[in-house]
Amino acid sequence: MVKQLCILGSTGSIGTQTLDVVRANPDRYAVYALCAHRSIDLLVAQAREFHPEVVCIADESLYEELKEKLSNLQIFQSSNLPMPKIWAGADAVAQVVTMPSIDIVVAAMVGYAGLRPTIEAIKAGKTIALANKETLVVAGEIICDLAMTHHAPILPVDSEHSAIFQSLVGEDRNEIEKILLTASGGPFRTYTLEQMKTVTAADALKHPNWDMGAKITIDSASMMNKGFEVIEAKWLFGVPVEKIQVLVHPQSIVHSAVQFTDGAIKAQLGAPDMRLPIQYALSFPERLKSDFPRADLFAIKDLTFEEPDLNRFPNLGLAYDATRRGGNIPCVLNAANEVANLAFREGRCAFLQMSDIIASTMAKAPFIAKPTYEDYVATDAEARRIAEEMVNSK
Ligand code: MN
């Protein structure tokens, strides 16, 4: 009964923490395939430890280097372990997820790149442990329709959505009145607009509550991450965004909650550690013993909640706008944000300019009411082009 995993984005923050869970539960999980974008040395180290059947690198230009580094490994030279198959390129990533032996695909690639392999995994009927929220932001409707048609369960890895999912266990027939989506507020929660004008990527990356990659850490600081999570929750739980309320909760102990029609609120609490929601997505409906840190409520003492300030964090408002307009606009939101986020990290635009770039791109991109997959591909490219133009004019 060992579950075979395919991990997309194995060298990223979620990927490495997924491997922590596998390492702690070798009787339950094995790694069938590892896919990374370009962190070749860590990928090779992971292959040495977990000996997967397939190792896949999304950046095709690294194929030869990966092949050489893997074949030099002692473990594949001296033992009777077979060399893993080595695949490269975006087509390979979209193909590897469909391999018959795979039970669960952990979708933990960053950004739009996660869309196509996730669609292929759903079509192959795999269980999806979904960490790549951009997939639902961009194409939530297509993803949800496909998941229904192909009976592919989508289990949330995002900590807030895992908390909501956990709060909904046993509530199948009960209506949700409201989703209470918590946010840490990020490193600039208490900054004035004036102070926010001059913050740098280094400032944002300094003290997050959660251990995350660079892209999502910037998204958290700008609250675009929370905007995406509103859209993610809408699709995962079938709740209109008007019923999803964001609460800034700096302690990051209440991971989110559900309010039911009788007024009861159910929440999931715990220490901020991504391994818990990752493990729950893999083991659902079971809970596995873990040695993850426990939340000490005596030490924490206060749990506080405040309303988000849309004036200082306009991205959150933009995300609500995007989902109200619907069609391909959330896809535009995501593409413009990917461009703005990278430009900010590279020092090509200021923190608050990210929101201007995204808002202008949303205003300029052509609207498509009922986009197909091909429309999303075209929208993504066009929105990136517009957003790049905005960055260059700053
Ligand atoms: Mn989250």
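Before reading further, recall that the structure is shown in the block above.
If you're wondering where the values come from, they're calculated on a predicted model, not measured in any experiment.

Asker: Run through the overall build of the protein, naming residues and quoting values.
Answerer: Across its full length, the protein holds 18 helices and eleven strands. By the compact-globule yardstick of 21 Å for 394 residues, the protein fits well, its C-alpha radius of gyration being 21 Å. With the C-alpha coordinates aligned to their principal axes, the bounding extent of the protein is approximately 60 × 50 × 40 Å. Residues counted as buried form 54% of the 394 residues belonging to the protein. Of the roughly 17,300 Å² of accessible surface on the protein, a fraction of 52% belongs to carbon and sulfur atoms. Side chains of the protein carry 37 positive and 48 negative charges; the gap between the two charge centres is 1 Å.

Asker: Run through helix α18 (residues 373-393), naming residues and quoting values.
Answerer: It helps to recall that an α-helix has 3.6 residues per turn; residues three or four apart then point in one direction. With 21 residues, α18 should reach 30 Å at 1.5 Å per residue; the first-to-last C-alpha distance of 31 Å fits that figure. Among the residues of α18, those classed as buried are Tyr-376, Thr-379, Asp-380, Ala-383, Ile-386, Ala-387, Met-390 and Val-391. Looking straight down α18, one finds its buried side chains confined to an arc of 145 degrees; they lie on one side. Exposed positions of α18 whose direction lies more than 90 degrees from the buried face are Glu-374, Asn-392 and Ser-393. Against the buried residues of α18 lie α7 (133-149), α16 (329-345) and α17 (353-364).

Asker: Mind laying out the sheet that holds strand β8 (residues 176-183), listing which residues take part and the relevant values?
Answerer: The pairing of strands in a sheet comes from backbone hydrogen bonds and takes either a parallel or an antiparallel form. Across the sheet, four strands lie side by side as β9-β8-β10-β11; this open sheet has mixed pairing. Because the sheet does not close on itself, it has two edges, and the strands there are β9 (244-248) and β11 (265-269). Direction aside, the axes of adjacent strands within the sheet are offset by 20 degrees on average. The sheet contact formed by strand β10 (residues 254-260) and β11 spans four bridges and is antiparallel. Note that in β11 the partner of Ala-257 across the bridge is Ala-267. Contacts from helix α8 (residues 159-167) reach β8, β10 and β11 within the one sheet, and its direction differs from that of β10 by about 40 degrees. Running over the sheet, helix α12 (residues 224-237) touches β8 and β9 and is turned about 150 degrees from β8.

Asker: Explain the packing of aromatic side chains residue by residue, including any values.
Answerer: Counted according to the given criterion, the structure contains six aromatic pairs. Relative to Tyr-280, the ring of Phe-165 lies with its centre 6.2 Å away and its plane at 70 degrees, an arrangement referred to as edge-to-face. Linking Phe-165 in helix α8 with Tyr-280 in helix α13 (residues 275-283), this pair joins segments that are 115 residues apart in sequence. Classification of Phe-165 as buried rests on a relative accessible area of 18%. The exposure class assigned to Tyr-280 is buried, which follows from its relative accessible area of 5%. Pairing Phe-344 with Phe-351 gives two aromatic rings, centres 5.4 Å apart and planes at 70 degrees, and the pair type is edge-to-face. Of the two residues, Phe-344 and Phe-351, both sit in the buried class. Lying across the ring of Trp-235, Lys-234 places its NZ or CZ 4.6 Å from the centre.

Asker: Describe in detail the packing of helix α11 (residues 214-222) against α12, supporting the description with residues and values.
Answerer: When two helices pack together, their arrangement is captured by the angle between the axes and the distance separating the axes. Taken N-terminus to C-terminus, the directions of α11 and α12 make an angle of 90 degrees; their axes are 5 Å apart at the nearest point. With respect to each other, α11 and α12 are oriented roughly perpendicular. Residues Lys-215, Ile-216, Asp-219, Ser-220 and Ser-222 of α11 form the contact with α12, whose participating residues are Met-224, Asn-225 and Phe-228. A per-class count over the contact of α11 with α12 returns three nonpolar, three polar and two charged.

Asker: Tell me about the pattern of salt bridges, and please be specific about residues and values.
Answerer: Counting across every chain of the model gives 29 salt bridges. In this structure, the salt-bridge partner of Lys-133 is Glu-229, at a minimum N-O distance of 2.8 Å. On the criterion of sequence distance, the pair formed by Lys-133 in helix α7 and Glu-229 in helix α12 is long-range, its members being 96 residues apart. Both residues of the pair, Lys-133 and Glu-229, belong to the buried class. The closest approach of N and O atoms between Arg-189 and Glu-306, which form a salt bridge, is 3.5 Å. Here Arg-189, found in the loop between β8 and α9 (193-196), pairs with Glu-306, found in the loop between α14 (297-300) and α15 (314-325); they are 117 residues apart in sequence, far enough to count as distant. Shared partners join several salt bridges into a network, and the residues in it are Lys-133, Asp-158, Glu-160, Lys-226 and Glu-229.

Asker: Break down the environment of Asp-309 for me, citing the residues and quoting the values.
Answerer: On the secondary structure map, Asp-309 appears in the loop between α14 and α15. Among the residues examined, Asp-309 registers a relative accessible area of 28% and is labelled partly exposed. Sequence separation of Asp-309 and Ala-107 is 202 residues, and the distance between their C-alpha atoms is 31 Å.

Asker: Residues and numbers for the sheet that holds strand β7 (residues 154-156), please.
Answerer: Strand order across the open sheet formed by seven strands is β4-β3-β2-β1-β5-β6-β7, with parallel pairing between neighbours. In this open sheet, the two strands that pair with only one neighbour each are β4 (85-88) and β7. Each strand axis lies, on average, 20 degrees off the axis of its neighbour in the sheet, ignoring direction. Of the pairings in the sheet, the one linking strand β1 (residues 3-8) to strand β5 (residues 104-107) comprises four bridges and is parallel in character. Paired with Ile-7 across the bridge in β5 is Val-106. The strands touched by helix α1 (residues 13-24) are β1, β2 (29-36) and β5; relative to β1, the strand with the most contacts, the crossing angle is about 165 degrees. This element, helix α2 (residues 40-50), spans β2 and β3 (54-57) of the sheet and lies at about 165 degrees to β2.

What counts, and at which threshold
Counting from 1, residues in each chain are numbered in the order their sequence is written. Confidence filtering applies because this is a predicted model: local features only for residues at pLDDT of at least 70, side-chain atom pairs given and counted only at 80 or more, and all residues used for totals across whole chains, interfaces and linings. Note that water and hydrogens are dropped before the side-chain values are worked out from all heavy atoms of the structure. Only DSSP runs of H or I reaching four residues or more are called helices, and only runs of E reaching two or more are called strands; each is numbered from the N terminus. Note on method: radius of gyration uses C-alpha positions; expected globular size equals 2.2 Å times residues raised to 0.38. Burial classes follow relative accessibility: with a 1.4 Å probe on protein chains only, a residue under 20% of its type's maximum area counts as buried, one over 50% as exposed, and anything between as partly exposed. Every accessible area reported is derived by Shrake-Rupley at a probe size of 1.4 Å, with residue values counting cover from the shown protein chains alone. Residues counted as positive are Lys and Arg, residues counted as negative are Asp and Glu, and His and the chain ends are not counted. Just so you know, the charge point we use is NZ for Lys, CZ for Arg, CG for Asp and CD for Glu. Multiplying 1.5 Å by the residue count of a helix minus one yields the expected span of that helix. Along the arc lie the directions from the helix axis toward the C-beta atoms. Whether two residues touch is decided by their heavy atoms; if any such pair falls within 4.5 Å, the residues are in contact. A pair of strands is labelled paired if DSSP reports no fewer than 2 bridges between them. Angles run from 0 to 180 degrees between N-to-C directions of axes, and those axes are lines fitted to C-alpha atoms, restricted for helices to the stretch in contact. Note on aromatic pairs: the rings of Phe, Tyr and Trp (six-membered ring only in Trp) are paired at centre separations within 6.5 Å, and the planes decide the class, stacked below 30 degrees, edge-to-face beyond 60, tilted for the rest. A positively charged side chain is recorded as over a ring if its NZ (Lys) or CZ (Arg) lies within 6 Å of the ring centre. The angle to the ring normal must also be within 35 degrees. For classification, angles of less than 35 degrees are called roughly parallel, those exceeding 145 degrees roughly antiparallel, those between 65 and 115 degrees roughly perpendicular, and all remaining angles oblique. Three classes are used: nonpolar for Ala, Val, Leu, Ile, Met, Phe, Trp, Tyr, Cys and Pro, charged for Asp, Glu, Lys and Arg, and polar for all others, with Gly counted as polar. Salt bridge, as used here, is a side-chain nitrogen of Lys or Arg placed within 4 Å of a carboxyl oxygen of Asp or Glu.

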